[in-house]
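# Examining the three-dimensional arrangement
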Amino acid sequence: MLKALDHHTLLKTYRKKAKHYDFYHRTVTIGSDQKGREMIVEKTVKPGDIVLDAGGGTGTSALMAAHVVGNNGKVVLLDLSTYMLDVAKKKAKEASFDNIEFIEGDMYELPFEDNHFDVVLSSYSTCPLQDPGKATLEMLRVLKPGALLGIAHSTVPDNKLMKWIARKVERLIWLFPALSLGCRAVEVLPALKKTTATIRLNKKIGFPLWPFRILIVQKLK
Ligand SMILES: C[S@@+](CC[C@H](N)C(=O)[O-])C[C@H]1O[C@@H](n2cnc3c(N)ncnc32)[C@H](O)[C@@H]1O
């Protein structure tokens, strides 16, 4: 796994990219990013739920979740970048969602008590982190016992040749934060396997050279 971008470069990158993030991410992932978001939302969120979208960025997953939870539920969108949050706020306003709360914060230290949320979502937000496993444990902490965590993240291809090509491409793109957005293939499964949580779904989807891992994880009851 490549070493993450430093804090300053990461924030600068998302400040510059925020307005065009949705279009750029959809283009470079050939639209498969949306399939990952849809999967984690569909498989976890129910009407009336209190949901955290951790590293929710411009709010695409949060808006989908807000639609499902309805007026009896709530979505909290937390992100490090105020510029990404501004785009999310604008989108929520345009779509007339008033059941989303926006918080500027850090996934490593979620400002919530233990066992708080019915669902926690992370769509591609572990990809820029130096320690994705640590953030995953933090997301589990704030989840209620028996509740679901939905994660989508970039991963490496299974095929040996594809894996070799993907590594070369990743290293090249990594030279330009504006292209990589600080995102690279990560794995959170090793951290999850050390916990009592149950992996309900573990599936790879998307473009063969740049696949996404979809995880649905249930916290022990
Ligand atoms: C690739 S984007 C994903 C955004 C969104 N979840 C989506 O589905 O498109 C990564 C997001 O993680 C955020 N991020 C990076 N490090 C973070 C941290 N330590 N705590 C909270 N958010 C973080 C970035 O600001 C960015 O919005």
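Before any of the text, the structure's been laid out above.
All values reported here derive from a predicted model rather than from experimental measurement. (Residues numbered from 1 in each chain as written. Predicted model: local features only at pLDDT ≥ 70, side-chain atom pairs only at ≥ 80, totals over all residues.)

## Looking at the site of the ligand
Convention followed: A molecule or strand has a residue near it when that residue's C-beta atom, placed from backbone coordinates, lies within 6 Å of it. Note that Gly is not counted as nonpolar here; it falls among the polar residues with everything else outside the nonpolar set of Ala, Val, Leu, Ile, Met, Phe, Trp, Tyr, Cys and Pro and the charged set of Asp, Glu, Lys and Arg.
Neighbouring the ligand are 23 residues; G55, G57, S81, M107 and S123 lie closest to it. By residue class, the composition of the shell around the ligand is eleven nonpolar, nine polar and three charged.

## Thoughts on the pairing of strand 7 (residues 212–218)
To keep things clear, this is the line we draw: Each residue is classified by how many other C-beta atoms fall within 10 Å of its C-beta atom, where C-beta atoms are placed from the backbone; a count of 20 or more means buried, 12 or fewer means exposed, and values in between mean partly exposed. Only DSSP runs of H or I covering at least 4 residues are called helices, and only runs of E covering at least 2 are called strands; the numbering of each starts at the N terminus. DSSP bridges decide pairing: two strands pair if at least two such bridges lie between them.
Buried residues dominate strand 7, accounting for five of its seven residues. One ladder, built from seven bridges, connects strand 5 (residues 143–154) with strand 7; its direction is antiparallel. From the neighbouring strand, L149 faces strand 7, where its bridge partner is V217. Bridge analysis of strand 6 (residues 198–205) against strand 7 gives seven bridges, and the strand direction is antiparallel. If you follow T198 over to strand 7, its bridge partner there is Q218.

## Focus: the sheet that holds strand 1 (residues 50–54)
Our working rule: Note on method: axes are straight lines fitted to C-alpha atoms, helices fitted across the in-contact stretch only, with angles between N-to-C directions ranging 0 to 180 degrees. Placing C-beta atoms from the backbone, we regard two residues as in contact once those atoms come within 7 Å.
Pairing in this open sheet of seven strands is mixed, and the strands run 3-2-1-4-5-7-6 from one edge to the other. Each edge of the open sheet is held by one strand with a lone partner, namely strand 3 (100–104) and strand 6. Shown here is a sheet whose adjacent strand axes are inclined to one another by a mean of 15 degrees, direction ignored. Each of strand 4 (117–123), strand 5, strand 6 and strand 7 touches helix 3 (residues 32–42); the most contacted strand, strand 5, lies at about 170 degrees to it.

## Quick look at the packing of helix 3 against helix 4 (residues 60–69)
Inclusion rule: By definition, any crossing whose near helix is turned counterclockwise from its far helix by less than a right angle is left-handed, and any crossing with a clockwise turn is right-handed.
Direction vectors running N to C along helix 3 and helix 4 enclose 35 degrees, while the axes themselves pass 10 Å from each other. For the element pair helix 3 and helix 4, the recorded crossing hand is right-handed. Note on element contacts: helix 4 touches helix 3 through T60, S61, M64, A65 and V68, opposite R37, E38 and V41. Classifying every residue of the contact of helix 3 with helix 4 gives four nonpolar, two polar and two charged.

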